[in-house]
Amino acid sequence: MAKTDYYQLLGVQRGASADELKKAYRKLAMQHHPDRNPGDKAAEQKFKDINEAYDVLKDEQKRAAYDRFGHAAFENGGPGPGGFGAGGFGFEGGIGDIFEQMFGEAMGGRRGGGRSERTGADVRAAVEIDLTQAFAGTKVDVRVATRVACDACSGTGSSDKQAAADKCPTCGGAGRVRAQQGFFVVERTCPTCGGSGRTIRNPCRVCAGAGTVPRERNLSVAIPAGVEDGTRIRLSGEGEAGGKGAAPGDLYVHVAIRPHPIFQRDGANVFCRVPLRMGQAALGGEIEVPAIDGSRARVKIPSGTQTGDQFRLRGKGFSVLRSTQRGDMYIQVAVETPQNLTKRQRELLEEFERESGGTASGSPEHEGFFAKVKEFFEGI
Ligand SMILES: [Zn+2]
Ligand SMILES: [Zn+2]
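Residues numbered from 1 in each chain as written. Chains lettered and ligands numbered in written order. Predicted model: local features only at pLDDT ≥ 70, side-chain atom pairs only at ≥ 80, totals over all residues. Heavy atoms only, no water.

Asker: Would you take a moment to explain the overall build of the chain for this structure?
Answerer: Helix and strand counts for the chain come out as 9 helices and 15 strands. The buried share of the chain, taken over its 380 residues, is 36%. In the chain, of all internal contacts separated by at least 6 residues, the share reaching a separation of at least 24 is 60%. Accessible surface, the chain: about 22900 Å² in total, of which carbon and sulfur atoms supply 49%. (Helix = DSSP H or I, 4+ residues; strand = E, 2+ residues; numbered from the N terminus. Buried < 20%, exposed > 50% of the residue type's maximum accessible area, 1.4 Å probe, protein only. Contact = heavy atoms within 4.5 Å. Areas by Shrake-Rupley, 256 points an atom, 1.4 Å probe, with all protein chains shown as cover.)

Asker: What's the story with the nonpolar core in this structure? I'm lost.
Answerer: Note that soluble globular proteins tend to have their nonpolar side chains buried in a common cluster. With 39 residues, the main nonpolar core has Ile129, Ile223, Leu251, Val289, Val299, Met329 and Ile331 as its most contacted residues. Setting aside its immediate chain neighbours within four residues, isoleucine 223 contacts Val127, Ile129, Gly137, Thr138, Val140, Ile233 and Val255. The next biggest cluster of nonpolar side chains, apart from the first, holds 21 residues, and it includes Ala16, Ala29, Val56 and Leu57. (Core = buried A, V, L, I, M, F, W, Y, C linked by side-chain atoms within 4.5 Å.)

Asker: What am I meant to see in the coordination of the zinc ion (ligand 1) here?
Answerer: Four donors placed tetrahedrally about a metal ideally form angles of 109.5 degrees, and six donors placed octahedrally ideally form angles of 90 or 180 degrees. At this site the zinc ion (ligand 1) is bound by Cys150 (SG), Cys153 (SG), Cys204 (SG) and Cys207 (SG), with donor distances of 2.3 Å. Because the angles between the 4 donor atoms bound to the zinc ion (ligand 1) fall within 103 to 115°, the donor set is best described as tetrahedral. Binding-site remark: the zinc ion (ligand 1) is held by donors from one chain whose sequence spacing is C-x2-C-x50-C-x2-C. Here cysteine 153 is found in the loop between strand E2 (138–149) and strand E3 (166–167), whereas its partner cysteine 207 is found in the loop between strand E6 (198–199) and strand E7 (212–223), with 54 residues between them in sequence. (Donors = N, O, S within 2.8 Å, 3.2 Å for Na, K, Ca; no water. Tetrahedral: all angles 85-135°; square planar, octahedral: opposite > 155°, others 65-115°.)

Asker: Sorry if this is basic, but what is going on with the sheet that holds strand E9 (residues 251–257) here?
Answerer: By definition, the strands of a sheet pair up through backbone hydrogen bonds, in either a parallel or an antiparallel sense. With mixed pairing, 3 strands are arranged side by side in an open sheet as E1-E9-E8. At either margin of the open sheet sits one strand with a lone partner, and together these are strand E1 (123–129) and strand E8 (232–235). The average angle at which neighbouring strand axes cross in this sheet is 25°, direction not considered. With 4 bridges connecting them, E8 and E9 associate as antiparallel partners. Looking across to E9, one finds that arginine 234 is bridged to tyrosine 252. (Pairing = 2+ DSSP bridges. Axes fitted to C-alpha atoms, helices over the stretch in contact; angles between N-to-C directions.)

Asker: Explanation requested: the sheet that holds strand E14 (residues 310–313) in the structure shown.
Answerer: One open sheet accounts for 4 strands, arranged E10-E11-E15-E14; its pairing is mixed. In the strand order of this sheet, the two ends are held by strand E10 (263–266) and E14, each with one partner. Between one strand and the next, the sheet's axes are offset by a mean angle of 30°, whatever the strand orientation. Judged from the 8 bridges that link them, strand E11 (residues 269–277) and strand E15 (residues 329–336) form a sheet pairing that is parallel. The residue bridging proline 275 from the neighbouring strand is alanine 334, located in E15.

Asker: How do you make sense of the pairing of E9 when you look at a structure like this?
Answerer: A regular strand places its side chains so that they alternate between the two faces of the sheet. Most of E9 is tucked away: 5 of the 7 residues are buried. In this structure, E1 lies alongside E9, joined through 7 bridges in parallel fashion. Its bridge partner being in E9, glutamate 128 is matched across the sheet by alanine 256.

Asker: Quick question: what am I supposed to make of the packing of helix H2 (residues 18–32) against helix H3 (residues 41–57) here?
Answerer: Two quantities define a packed helix pair, namely the angle between the helix axes and the distance between the axes. Where H2 meets H3, the closest approach of the two axes is 9 Å, and the angle between their N-to-C directions is 160°. Classified by the angle their axes make, H2 and H3 are roughly antiparallel. Along this stretch, H2 crosses H3, giving a crossing that reads as left-handed. Contact with H2, carried on its side by Leu21, Lys22, Tyr25, Leu28, Ala29 and His32, involves Ala43, Lys46, Phe47, Ile50, Asn51, Tyr54 and Leu57 of H3 and no other residues of that element. For the contact of H2 with H3, a count of residues per class yields 9 nonpolar, 2 polar and 2 charged. (Parallel < 35°, antiparallel > 145°, perpendicular 65-115°, else oblique. Left-handed = near helix turned anticlockwise from the far one by under 90°. Nonpolar A, V, L, I, M, F, W, Y, C, P; charged D, E, K, R; others polar.)

Asker: It is not clear to me how unusual backbone geometry should be interpreted in this structure. Could you clarify?
Answerer: Even without glycine at this site, serine 154 takes up a positive phi of about 55°. Topologically, serine 154 is positioned in the loop between E2 and E3. The backbone of alanine 208 shows a phi angle near 55°, a positive value even though the residue is not glycine. One can find alanine 208 in the loop between E6 and E7.

Asker: Teacher, can you tell me more about the environment of alanine 149 here?
Answerer: By the secondary structure assignment, alanine 149 is in strand E2. Note on alanine 149: relative accessible area 40%, which makes it partly exposed. Counting along the chain gives 62 residues from alanine 149 to glycine 211, while the straight-line C-alpha distance between them is 6.0 Å. Among residues more than four places away in sequence, those in contact with alanine 149 are Gly211, Thr212, Val213 and Ala241.

Asker: Explanation requested: the packing of aromatic side chains in the structure shown.
Answerer: Any aromatic ring pair is given by two values, namely how distant the centres are and how the planes are angled relative to each other. Counted by the stated rule, this structure contains 6 aromatic pairs. Taken together, a centroid distance of 6.1 Å and an interplanar angle of 45° make the contact between tyrosine 7 and tyrosine 66 tilted. Here tyrosine 66 lies in helix H4 (residues 60–69) and tyrosine 7 lies in helix H1 (residues 6–10), a separation of 59 residues in the sequence. As far as the burial class goes, tyrosine 7 and tyrosine 66 line up, both buried. Plain terms: the ring middles of phenylalanine 135 and phenylalanine 318 are 5.7 Å apart, the flat faces sit at 80° to each other, and that makes the pair edge-to-face. Of this pair, phenylalanine 135 sits in helix H6 (residues 131–136) while phenylalanine 318 sits in the loop between E14 and E15, and the two are 183 residues apart along the sequence. The buried category is assigned to phenylalanine 135, whose relative accessible area is 10%. Taking relative accessible area as the criterion, phenylalanine 318 reaches 0% and is therefore assigned buried. (Phe/Tyr/Trp six-rings, centres within 6.5 Å; stacked < 30°, edge-to-face > 60°.)

Asker: Help me out: how do you make sense of the environment of histidine 32 in this one?
Answerer: With respect to the helices and strands, the residue histidine 32 is situated in helix H2. Classification of histidine 32 as buried rests on a relative accessible area of 15%. With near-sequence residues (within four places) excluded, histidine 32 lies in contact with Asn37, Ala43, Lys46, Phe47 and Ile50.

Here is the structure:
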């Protein structure tokens with residue numbers, strides 16, 4: 001496809017002055033900026049094209065090459081002068097810079113602004129949820145102190161409907177000022193207009209020209225099932241409004257998970273410590289345990305179960321984020337020694353002890369242990 005002539009793209013004559021070029025570019029760039037045309041592919045392409053055209057024509061050397069050779073000046077192996085003949089020129093990387101130079105604060109940048117400051121500020125919020133909510137996923141209401149577009153001026157910052165801004169008197173609209181520093185002339189962002197090259201003649205009285213006003217917002221945030229403690233959820237575009245045509249910032253929601261009285265979590269696995277009566281542990285049987293999903297599960301306990309023995313319930317753990325996998329649930333048994341015995345219980349246990357051959361120093365099962373104890377004391 002043949003490329004459109006750069007002058008034609010910007011709608012200017014071939015002999016257009018730098019000022020005329022800039023004006024034409026600014027008007028078109030504002031009109032076709034992706035933030036103003038979300039999802040519009042044609043506008044996005046047009047925006048790229050006009051940036052490419054302006055990037056060439058604003059540069060005296062590139063413009064001269066373009067005037068002589070046309071688009072061929074910037075194609076591979078083209079006759080263009082060294083420097084941008086090979087590999088074309090890097091317009092993709094330059095686009096943000098051009099735009100920033102052109103609009104600076106007008107696109108939401110702050111004074112002395114870097115790239116990230118062209119948009120509205122990011123907003124942070126913190127929520128605390130239960131482990132069971134982290135298991136199932138949930139929705140939480142978040143209240144954030146933020147800035148929204150000013151209604152009075154539709155976010156432009158100007159009380160005038162048409163002429164929103166004047167050329168900045170300090171920099172004459174360039175957005176940058178020059179200063180002599182020793183042998184060098186240094187250029188820096190204009191302190192009056194913050195690089196936008198424009199000052200608002202009649203600032204909006206509601207927002208004092210900012211284009212945004214502070215407000216509390218209530219948002220419902222979806223927390224996905226399987227979320228981990230400390231996860232940060234990003235809600236693109238839900239931060240502070242940029243004002244004056246800039247994109248809004250993002251909202252970051254920090255998720256903390258409250259400790260649970262019954263369940264402990266380790267990654268996708270969940271652990272539950274279950275007390276077991278001495279008799280149950282010795283005889284074996286089936287016990288009912290709670291699961292993190294709110295259901296009940298039955299676990300077979302073999303006879304002779306000891307404290308610390310672990311039983312796995314496959315797939316009863318947490319969902320693994322962005323996966324269909326599920327973790328497991330582990331039942332950890334703690335055998336309880338009976339306390340406050342009834343008379344009958346005492347009799348039975350005494351009988352049990354006699355049956356076990358128990359003495360003050362232990363039962364036959366422990367003979368090995370006590371032999372080792374004896375050895376230990378003799379060795380001192
Ligand atoms: Zn306003
Ligand atoms: Zn200025």
